[in-house]
Amino acid sequence: MKNVEQRGLYFEEFDLDTRYLHRPGRTVTETDNVLFTTLTMNTQALHLDAAWAARQPFGQRLMNSMFTLSTIVGASVAQLTQGTIVANLGFTDVTFPHPLFHGDTLYSETVVTAKRLSSSRPGQGIVTMEHTGRNQDGVVVAKATRSVLMWCQDAHAEAIGGA
């Protein structure tokens, strides 16, 4: 019987200016928001206090923006980096242009904007990605540029013993 193991892409497989759509989407809930917010010690009333948030400009609680960022990046893992990433190098240009609310569905997509072989780590390369999160109406709720260190396929096979 043939075995197929889910994995991300190797450095060589990333295509510039390709939009990778990560599906399914994720409908976000009040439980997600309260749990993430309290687990991360964030006491912001915009996430926790419905009565207070109702008197604020958006009229309701907002999803925690760090939850939103984590979810759009997390949605990309199976398709892009599962088992092929060496390290997450960092984020730039993180924005939240529109709020995400309880009950919204978050859809994630990634565009590879740059890639180059590492000058200091043979067999590995740096890939720059722009992650975008949209709600069910297609409105952008989050964007982030992320750099990751990825394995080259042959080097990874050699590092793990030809598996």
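Look a little higher up for the structure.
Please read these numbers as outputs of a predicted model, since none were measured by experiment.

What to know about the packing of aromatic side chains
Inference 1: This structure, assessed with the given rule, holds two aromatic pairs.
Inference 2: Ring plane angle 75 degrees and centroid distance 5.6 Å describe the contact between phenylalanine 36 and phenylalanine 67, whose orientation is recorded as edge-to-face. In this pair, phenylalanine 36 is assigned in helix H1 (residues 30-39) and phenylalanine 67 in helix H4 (residues 65-74), connecting sequence segments 31 residues apart.
Inference 3: A cation over a ring is seen here: lysine 115 above phenylalanine 11, with NZ or CZ 4.8 Å from the ring centre.

Some details on unusual backbone geometry
Inference 1: With an omega of 10 degrees, the peptide bond running from arginine 23 to proline 24 counts as cis.
Inference 2: Here proline 24 is to be found in strand E1 (residues 19-27).
Inference 3: The residue aspartate 93 is not glycine, and still its phi comes out positive at about 50 degrees.
Inference 4: Its location among the elements puts aspartate 93 in strand E2 (residues 85-95).

What about the pattern of salt bridges?
Inference 1: Counted by the stated rule, this structure contains six salt bridges.
Inference 2: Note that glutamate 109 and arginine 19 form a salt bridge whose closest N and O atoms lie 3.1 Å from each other. Of this pair, glutamate 109 sits in strand E3 (residues 105-117) while arginine 19 sits in strand E1, placing them 90 residues apart in sequence.
Inference 3: Taking relative accessible area as the criterion, glutamate 109 reaches 8% and is therefore assigned buried.
Inference 4: Residue arginine 61 is joined to glutamate 30 by a salt bridge in which the shortest nitrogen-to-oxygen separation is 2.9 Å. You can see arginine 61 sitting in the loop between helix H3 (50-54) and H4 and its partner glutamate 30 sitting in helix H1, a full 31 residues away along the chain.
Inference 5: Residue classification places glutamate 30 among the partly exposed residues on the basis of a relative accessible area of 41%.
Inference 6: Residues joined in a network through salt bridges with shared partners are Arg19, Glu109 and Arg134.

So, H4
Inference 1: Taken together, the buried positions of H4 are Phe67, Thr68, Leu69, Thr71, Ile72 and Val73.
Inference 2: The opening residue of H4, the one whose side-chain oxygen lies 2.8 Å from the backbone nitrogen of methionine 66, is asparagine 64.

Points about the sheet that holds E1
Strand pairing in a sheet is mediated by backbone hydrogen bonds. Such pairs are either parallel or antiparallel.
Inference 1: The antiparallel open sheet is built from five strands, whose spatial order is E1-E3-E4-E5-E2. Pairing within the sheet leaves two strands with one partner each, and these edge strands are E1 and E2. Neighbour to neighbour, the strand axes of the sheet diverge by 25 degrees on average, direction disregarded.
Inference 2: Sheet topology places strand E4 (residues 124-134) next to strand E5 (residues 140-151); 11 bridges connect them, and they run antiparallel. Across the sheet, arginine 134 pairs through a bridge with valine 140, a residue of E5.

Examining the pairing of E5
Inference 1: Most of E5 sits inside the fold, with nine of its 12 residues counted as buried.
Inference 2: Where E4 folds back on E5, the antiparallel hairpin that results is connected by five residues, among which glycine 138 adopts a positive phi of roughly 85 degrees.

Conventions used here
Residues numbered from 1 in each chain as written. Predicted model: local features only at pLDDT ≥ 70, side-chain atom pairs only at ≥ 80, totals over all residues. Heavy atoms only, no water. Phe/Tyr/Trp six-rings, centres within 6.5 Å; stacked < 30°, edge-to-face > 60°. Helix = DSSP H or I, 4+ residues; strand = E, 2+ residues; numbered from the N terminus. Lys NZ or Arg CZ within 6 Å of the ring centre and 35° of its normal. Salt bridge = Lys/Arg side-chain N within 4 Å of Asp/Glu carboxyl O. Buried < 20%, exposed > 50% of the residue type's maximum accessible area, 1.4 Å probe, protein only. Polar contact = N/O pair within 3.5 Å; in protein donor to acceptor, adjacent residues only side chain to side chain. Pairing = 2+ DSSP bridges. Axes fitted to C-alpha atoms, helices over the stretch in contact; angles between N-to-C directions.

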